[in-house]
Amino acid sequence: MKFLHVADIHLGCRRYNLEERTKDFFRAWYDVITNHAIPNKIDFMLIAGDFFDRRNIDPQAMNHAIAGLKLLKEADIPVIAIEGNHDQHNAISDFRDSQDERTHSWLRSLSDWGYLKLLEPSHNAEKQMTFLPWDEEENVGSYIDIAGARIFGSYWYGTSTTVALTILADALRDAHAEGLFNILMLHTDVEGHTSRPTIPAVPVAKLKELKQLVNYVALGHTHKRFDLDGWAFNPGSLEPTSIDEYKEDRGAFLVEVDDEHHITAEHISEYVQRPFQRLSFDVSGAEDAEAVHAGVTRMIEREARTHDAGDEQPAPIIEINLRGQLGFKNSLLQINRMRDEAREKTNALHVMIRNQSIPVEYAVAAGLDAQAPRYERERRIIEDLIARDNRYKHRAHEVAELVIEAKRQALSNEQPDKILELIARKLDKSDEKEKAEATGGEPAPTAAALNAIERNAVVSGQ
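Remember, it's a predicted structure, so these values are computed and weren't measured experimentally. (Residues numbered from 1 in each chain as written. Predicted model: local features only at pLDDT ≥ 70, side-chain atom pairs only at ≥ 80, totals over all residues. Heavy atoms only, no water.)

## Digging into the overall build of the protein
Along its length, the protein carries 11 helices and 17 strands. Classification of the 462 residues of the protein by burial places 47% in the buried group. Relative to all contacts within the protein whose residues are 6 or more apart in sequence, the contacts with residues 24 or more apart total 66%. Accessible surface, the protein as shown: approximately 23,500 Å² in total, 47% of it carbon and sulfur. (Helix = DSSP H or I, 4+ residues; strand = E, 2+ residues; numbered from the N terminus. Buried < 20%, exposed > 50% of the residue type's maximum accessible area, 1.4 Å probe, protein only. Contact = heavy atoms within 4.5 Å. Areas by Shrake-Rupley, 256 points an atom, 1.4 Å probe, with all protein chains shown as cover.)

Put into structure tokens, the structure is as follows:
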């Protein structure tokens, strides 16, 4: 027995508002079929969820789906699929109370039209999950027997998957076939192998409870390759759906099973894929925007992937991250200019520049000893912030002391007008001192000081 296991094809996926990216997902799907599925004369293909990128697809995505499925049908290769979270048309209850209440996804339509076989668990009169054999006339069923394998389908259960596995196990006990190679298709994250640690995943120990019931678990959902004990396999997506996935190993599993049910799984990644590259430039120490621009240009010329018209591989997508401490305002960076020049130099399909640098107004107290007293650390940080304002940089120390004193009074429930009076008095005094130092004479009274003198004169009757 030989089969191909794929998942997360995401037909119709459009990223960066580029039509070419939508075609990338089709090319990967089509190339896997023409260069691996058909030449290897597989007995069937498994699609473990997320065949489409979204529930409401456009005509082009459907055309891309049917183009590949027609090739497989003409080669007499059955396609067995389950829904992933991107395929489902509507929200569903945890375990779908009855087969009659199933939602109608595009995968259901493809199954009705005979392009694939969508496997879904059913429920009996007591609302217990059960697996029913595939009905060729109705194009519905929970499992199907092909080439010595019994293949079971499941739903996308989301955060309820761990609970659902117990119910699946009960149904599998009644339906698994001794002597056949039992396969369970499951779309879920698995603990320890997810790139989204904040989202609950199925514990490995829980998944392994199915080992006595199934010989192979065909996983999908996580966009990187992994396997568990040569028993549960996740091939990864065919194409990265975002640049964050570009380093992950992905592709398809070509699986051979001998008469003793020993598994040989070859991971395939040799098909058309869009190359990605992520570069990083440290802006720290750059005097101005031109210095950043020059540095980024040199980095691109030295490190960036390039594409020539005759290259067989598609043009790359490049992301450039600006990092470090920026010594001037963000608005002075010429992001569009850098992006356009980078694309011109590399002939990339797309160039992204992400400014992740720390603006100068937030890059505070560099080199401050972490063991310094709290008061000293607070004063230094505030002083560093104030020093970045040209109006106060020459008196940053005393203004920082004023801020701290105002904060202390506020925390002591001092009246707001008293705190404002303190701030006005200190700033007036600081202004007088600065003007005196500039003129070399006596401090000139500020407007606030003159107002105070006038008020005092009125009160004293002078």
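## Overview of the nonpolar core
Ranked by internal contacts, the top residues of the largest apolar core, which has 35 residues, are Leu4, Trp29, Met45 and Phe51. Elements that contribute at least two residues to this core include exactly strand S1 (2-6), helix H1 (19-37), strand S2 (44-48), helix H2 (59-74), strand S3 (79-82), helix H3 (106-112) and strand S13 (252-257). Ignoring sequence-local partners within four residues, the contact set of Phe51 consists of Ile9, His10, Leu11, Trp29, Ala65, Leu69, Asp87, Leu107 and Leu110. Among the nonpolar cores identified, the runner-up in size contains 28 residues, and Tyr143, Leu165, Leu186 and Val202 belong to it. (Core = buried A, V, L, I, M, F, W, Y, C linked by side-chain atoms within 4.5 Å.)

## Topic: the pattern of salt bridges
The tally for this structure, following the rule as stated, stands at 26 salt bridges. Among the ionic pairs, Glu209 bridges to Lys206, the shortest N-O distance being 3.4 Å. Lys206 sits in the buried class, given a relative accessible area of 19%. Of the charged contacts in the structure, one is a salt bridge between Asp229 and Lys208, with a shortest N-O distance of 2.6 Å. (Salt bridge = Lys/Arg side-chain N within 4 Å of Asp/Glu carboxyl O.)

## Concerning unusual backbone geometry
Phi angles above zero are rare outside glycine, and Tyr16 is one such case at about 60 degrees. Examined against the element boundaries, Tyr16 turns out to sit in the loop between S1 and H1. Of the residues examined, Tyr16 reaches a relative accessible area of 24% and is grouped as partly exposed.

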